[in-house]
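Tertiary structure, described
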Amino acid sequence: MAGVFNQVDNSIYSNAMTFLRQPLVVDPINSDSNIVVLGFPFDMATTGRSGARMGPTAIRHASVNLAWEGKRFPWSFNLTKHCKIVDAGDLVYNCGDSEAFCQQVDAAVSTLLSADKTILALGGDHFITLPLLRAYAKKFGKMALIHFDAHTDTYSNGSRYDHGTMFYHAPKEGLIDKNASVQVGIRTNYKQKDHGFKVINASEANDMLADDIVSIIRERVKDMPVYLTFDIDCLDPAYAPGTGTPVCGGLTTDKVLKILRGLSGINIVGMDVVEVAPSYDNSEITALAAATIGLELMHLWAAKHLSI
Ligand code: MN
Ligand code: MN
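1. Quick word on the overall build of the chain
Scanning the chain from N- to C-terminus turns up 10 helices and 8 strands. Here the C-alpha atoms of the chain give a radius of gyration of 18 Å, agreeing with the 19 Å that 2.2 N^0.38 yields for 308 residues. Over its C-alpha atoms, taken along the principal directions, the chain stretches across nearly 65 × 45 × 40 Å. Expressed as a percentage of its 308 residues, the buried residues of the chain come to 56%. Counting only contacts in the chain whose residues sit at least 6 apart along the sequence, the fraction spanning at least 24 positions is 78%. Entry remark: accessible area of the chain is about 12500 Å², with carbon and sulfur atoms responsible for 52%. In the chain, 27 positive and 33 negative side-chain charges are present, and the distance between their average locations comes to 5 Å.

2. As for the confidence of the model for the chain
Reading predicted coordinates in detail is not appropriate for stretches of low pLDDT. When pLDDT is averaged along the chain, the result is 95, and 97% of the positions lie at 70 or above. Per-element mean pLDDT across the chain ranges from 80 in helix α6 (residues 192-195) up to 99 in strand β7 (residues 226-231).

3. Some points on the layout of surface pockets
Take a probe with the size of a water molecule and roll it over the atoms, and the empty space left behind shows itself. Taken as a whole, the largest pocket encloses approximately 260 Å³ of empty space. Every element with two or more residues in the lining of the largest pocket is listed here: α5 (166-172) and α6. The element that contributes the greatest number of residues to the lining of the largest pocket is α5, accounting for 4 residues. A breakdown of the residues in the lining of the largest pocket according to their chemical character gives 5 nonpolar, 4 polar and 4 charged.

4. Notes on the coordination of the manganese ion (ligand 1)
Surrounding the manganese ion (ligand 1) are the protein donor atoms Asp149 (OD), His151 (ND1), Asp231 (OD), Asp233 (OD) and Asp233 (OD), which sit 2.1 to 2.5 Å from the metal. Between the donor residues of the manganese ion (ligand 1), the gaps in sequence give the motif D-x1-H-x79-D-x1-D. Given the relative accessible area of 2%, aspartate 231 is considered buried.

Cut-offs used in this document
- Residues numbered from 1 in each chain as written.
- Chains lettered and ligands numbered in written order.
- Predicted model: local features only at pLDDT ≥ 70, side-chain atom pairs only at ≥ 80, totals over all residues.
- Heavy atoms only, no water.
- Helix = DSSP H or I, 4+ residues; strand = E, 2+ residues; numbered from the N terminus.
- Rg over C-alpha atoms; globule rule 2.2 N^0.38 Å.
- Buried < 20%, exposed > 50% of the residue type's maximum accessible area, 1.4 Å probe, protein only.
- Contact = heavy atoms within 4.5 Å.
- Areas by Shrake-Rupley, 256 points an atom, 1.4 Å probe, with all protein chains shown as cover.
- Lys, Arg positive; Asp, Glu negative; His and termini not counted.
- Charge placed at Lys NZ, Arg CZ, Asp CG, Glu CD.
- pLDDT = per-residue confidence, 0-100.
- 1 Å grid on protein atoms, 1.4 Å probe; cavity = no way out; pocket = protein on both sides within 12 Å on 5 of 7 lines; lining within 4 Å.
- Points joined across faces, edges and corners; volume = space filled by probe spheres on them.
- Nonpolar A, V, L, I, M, F, W, Y, C, P; charged D, E, K, R; others polar.
- Donors = N, O, S within 2.8 Å, 3.2 Å for Na, K, Ca; no water.

Structure representation (structure tokens):
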């Protein structure tokens, strides 16, 4: 009967759906892995529509569509041949207690980073990036932030747990260097002279070539350790309707993929994809975009840090 009960087949529709059909592990610290996929099913910091707690599950489900390809177009290497990926499921935390969540994120992520694992974090609302950055900064020091979003998330008037405030707090806490950071896709109210980040807003980005955007980002981050955070609402609602606070006039998936591939060689150390809220999605458009971006980020990391 061997094979009949195979839980890790390569179909795009059956069996347990881990990220990219990679092994599910309960002990990622001691796993033989380079990259650990970890979900953060938290959406208590949303200011608009909630639902991003269902994001990790939806992204995993969509990701199995990407597992069959092997060497992914147009990359020159087969990621899973060079890079061992495991899926550690979702972070367990006390639902309803945001401070306890922060502590759980810090404990889990710090332990993984101490074991020299790289993490692909799947949100969850964007607030998860703040406790993630706190854990990363303990290992890497002050980082450059590459931030894709419709919103700057630099607002200071929210509560301590508000998905619009992380990048107000992160520079103040010394986690990121504004002068080495860039925000791409912004199309909500901001005053660059006040908030200090370099912004390539969505209107500009849509008129620019991907290569020109890449040059600006590279010039900004140089060889600093980079944390790349991707709020799925950077994409236009046509490409990512399944999110809590969609804003018209965003980027296309094609533009975003070209930018990400163009960043090959940057010193990326951390990465997340956040704000997928599948109850507002259609035909898994948003979840597929998020899974694809997550996969591209893994390629970016592997291209830099593994001898390929
Ligand atoms: Mn946003
Ligand atoms: Mn955001």
